[in-house]
Amino acid sequence: MNEGEEKDTLLIVTDKKLVDHVSIKDIKGSFLIKKNFIEVYRTLRTDLPILLFKLLPEGCQEITIRIYDNEKRYDENIERVLLVLEDLDLGYVVSEGWDWDYPRPFMRIRIYKIKLITWEDPLRIKFLLKGLEYKGYQRFADIDIFVEGKKIPWIEVSKEYQSKFELAKAAREELKGLLSEETRKVLHEIETKILNDKDLQEGS
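Residues numbered from 1 in each chain as written. Predicted model: local features only at pLDDT ≥ 70, side-chain atom pairs only at ≥ 80, totals over all residues. Heavy atoms only, no water.

Novice: Can you walk me through the side chain of Arg80 in this structure?
Specialist: Relative to the helices and strands, Arg80 resides in helix α2 (residues 74–87). Among all residues touching Arg80, those that are not within four sequence positions of it are Leu132, Phe140, Arg172, Leu187, Ile190, Glu191 and Ile194. (Helix = DSSP H or I, 4+ residues; strand = E, 2+ residues; numbered from the N terminus. Contact = heavy atoms within 4.5 Å.)

Take a look at the structure:
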C-alpha cells in the first residue's frame, strides 16, 4: 500500500469466503498492479475461468444450471439461485442468460441458463439447489443441473428418499444450517413474496 499510487490496484488473495469477515491473518498474498481497477476487473472476468482450470485441472469442471418457472417469476428464482451459489462459495459464474429448451417434440420453453465453474461435486450442487425447488409441496421452479450436456436426475443424488419432495425437504434443512443469517433472511423475504403473489392470483 505504501508503494502504490492513486490509480493502481491492490489484489489481495485469501482462501476464505468473501461473504465472511476476512482478517489480516486470512490474507495469503497480495499483488500491486500498475493498472486501474476497471482494467484489472475486466481482465479477471475474462481470464479467471482459464486460470481456474490451470490451477485446479483435476478438481474443477463446468456445469450448467437451467431454471424454468411456468409462473414466469424468473427474477426472484434467479436471485435465489445466485444467492446460494455465492453464499456457499459453490463456484464461479462464467455466463448467464436466456435460452430455449425442448422437453418434447414441437414444444419449446424459455429457460434461464447459468454456466458455473465449480470445484464441488455436481451431485452436491444438485442436492442443495433441490432445496430451492420446493417448500413442502409448494413448487417454486424447476432447477436442473447438466454436466457435459447430460442432465442429472434427482434420483441419482440420493436413493434414500422416496420422493423429490422428501429430497427437497432434506436439502432445505441443510441449507438452513449452511447459509449465513443475512442470506436466509433475504431468501425468506423473496419466497414469502412469491407465495403471497401466488395466493393473490389464485384468489382473484
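Let us keep going from here.
Novice: Help me understand the nonpolar core, please; the structure alone is not making it clear to me.
Specialist: Side chains of a nonpolar character, in soluble globular proteins, are inclined to be buried together. Formed by 35 residues in total, the largest nonpolar core has its most connected members in Ile65, Ile67, Val81, Val84 and Leu129. Contributions of two or more residues to this core are made by β3 (61–68), α2, β5 (107–118), α3 (122–130), β8 (142–147) and α5 (164–178). Here Val84 is in contact with Leu90, Leu129, Leu132, Leu175, Leu179 and Leu187, once residues within four sequence places are set aside. Counting residues in each nonpolar core, the second largest holds five residues, with Phe140, Val186, Ile190 and Leu195 among its members. (Core = buried A, V, L, I, M, F, W, Y, C linked by side-chain atoms within 4.5 Å. Buried < 20%, exposed > 50% of the residue type's maximum accessible area, 1.4 Å probe, protein only.)

Novice: I tried to follow the packing of aromatic side chains on my own but got confused; where do I start?
Specialist: Between two aromatic rings, the relevant description is the distance of the centres plus the angle of the planes. Under the counting rule described, the total for this entry stands at five aromatic pairs. For the ring pair Tyr74 and Trp98, a centre distance of 4.9 Å and an interplane angle of 80 degrees mean the geometry is edge-to-face. Taken together, the residues span a long stretch of sequence, with Tyr74 in helix α2 and Trp98 in strand β4 (residues 92–104) at a distance of 24 residues. Residues Tyr137 and Phe165 carry aromatic rings whose centres are separated by 4.9 Å and whose planes lie at 55 degrees to one another, so their mutual orientation is tilted. Here Tyr137 is found in the loop between β6 (134–135) and β7 (138–139), whereas its partner Phe165 is found in helix α5, with 28 residues between them in sequence. Residue classification places Phe165 among the partly exposed positions, given a relative accessible area of 29%. One aromatic cluster in this structure is built from Tyr74, Trp98 and Tyr112. The cationic tip of Arg66 hangs over the ring face of Phe146; the distance from NZ or CZ to the ring centre is 4.1 Å. Positioned above the aromatic ring of Trp98, the side-chain terminus of Arg110 is 4.4 Å from the ring centre. (Phe/Tyr/Trp six-rings, centres within 6.5 Å; stacked < 30°, edge-to-face > 60°. Lys NZ or Arg CZ within 6 Å of the ring centre and 35° of its normal.)

Novice: Hey, could you run me through the pattern of salt bridges in this one?
Specialist: If charged atoms from side chains of opposite charge come close, those side chains can pair. In total, this model carries 14 salt bridges according to the counting rule given. For Arg80, the salt bridge identified is with Glu191, shortest N-O distance 3.0 Å. You can see Arg80 sitting in helix α2 and its partner Glu191 sitting in helix α6 (residues 181–203), a full 111 residues away along the chain. Here the two residues Arg80 and Glu191 agree in accessibility, since each one is buried. Linked through salt bridges whose partners overlap, the residues forming this network are Arg80, Arg172 and Glu191. (Salt bridge = Lys/Arg side-chain N within 4 Å of Asp/Glu carboxyl O.)

Novice: Is there a simple way to think about the environment of Lys28 in this case?
Specialist: Considering the arrangement of structural elements, one finds Lys28 in strand β2 (residues 27–33). Lys28 has contacts with Val13, Thr14 and Asp15, leaving out every residue within four places of it along the chain.

Novice: Honestly, the environment of Val81 in this entry has me stumped. Any pointers?
Specialist: Considering the arrangement of structural elements, one finds Val81 in helix α2. Discounting residues that sit within four places of it in the chain, Val81 has contacts with Ile65, Ile67, Ile114, Leu129, Leu132 and Ile143.

Interpretation note: all reported values are geometric properties and have no functional meaning in isolation.
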